[in-house]
Amino acid sequence: MDINEFKRISLNGRVSYSIRCFENLLFYLDYNVEDWEIVLEYLWQFTSIKYLDDWNGIISEIIPENLLEFMSYEEHDFEYLDEDTFRYLYKLYQNIDGKIDYLMSAIYYIGASHSYSVIQGYGQASFNRLTELINYMVKNHIPLPDIDSFRRFSIEENRGWGNKFDGRILSKII
C-alpha cells in the first residue's frame, strides 16, 4: 500500500480506515468483538454525525485512559456518557492491551485534526496522524485493512471532509 493514496481520501474516509484498523486490532488480540460493539457504534458515528463536538465529546469520554481515571461514575461530571455505559466500559477496559488505548486515541486525534476548519490541500494534519497510526500497526504486526473500500471517499467532496454516510457499512463487526 502506498500511504500517499490517503492524500486523495476525505477525512471521513481516513477516520473510517482508522476505525477498521481498530477492528483489525480487536481480531488480532483475539478479543470477543461483540463486547466492543458499543465502542464501535460510538466510533462509527463520525461519518454521519451532525455536530463534530458531539462525537469529540463522547469519544474523549470513552478513551480508556480517560475513563479509567475515575473509579465511579460520580467522580466525574460526564456530559455524554450515562452511568450504565460507564460501568460497562469500566469493566470492559480492565486489563486491556495498551494498543487499544493507543488506537482509540489515534482515531480521536484523526477525527479532531481539522476541527472547525476547511481542510486545505490534502489535509496534512489528519494525513500525518493516519500515517502514525499505520506505522504503529505495521510496527506491531497488526494486519492493515485493504485500502480499496476507502478510495471512493474523495478529498474533493464537502471541503475535504467528504460526504456523510453510515460508516457501519464498512465495519467487519457491526
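Engineer: Please give an account of the overall build of the protein that cites residues and values.
Structural biologist: Scanning the protein for helices and strands turns up seven helices and zero strands. Its helices and strands taken in sequence order, the protein reads α-α-α-α-α-α-α from the N to the C terminus. The C-alpha atoms of the protein give 16 Å as radius of gyration, which agrees with the globular expectation for 174 residues (16 Å, within 12%). Each principal axis of the C-alpha distribution contributes one length, and for the protein these read about 45 × 35 × 25 Å. Going through the 174 residues of the protein one by one, you find that 52% of them count as buried. Long-range contacts, defined as pairs at least 24 residues apart, comprise 72% of the intrachain contacts of the protein with a sequence gap of at least 6. Carbon together with sulfur atoms contributes 46% to the accessible area of the protein, which is approximately 8800 Å² in total. Side chains of the protein give 16 positive and 28 negative charges; the mean places of these two sets differ by 9 Å.

Cut-offs used in this document
Residues numbered from 1 in each chain as written. Predicted model: local features only at pLDDT ≥ 70, side-chain atom pairs only at ≥ 80, totals over all residues. Heavy atoms only, no water. Helix = DSSP H or I, 4+ residues; strand = E, 2+ residues; numbered from the N terminus. Rg over C-alpha atoms; globule rule 2.2 N^0.38 Å. Buried < 20%, exposed > 50% of the residue type's maximum accessible area, 1.4 Å probe, protein only. Contact = heavy atoms within 4.5 Å. Areas by Shrake-Rupley, 256 points an atom, 1.4 Å probe, with all protein chains shown as cover. Lys, Arg positive; Asp, Glu negative; His and termini not counted. Charge placed at Lys NZ, Arg CZ, Asp CG, Glu CD.

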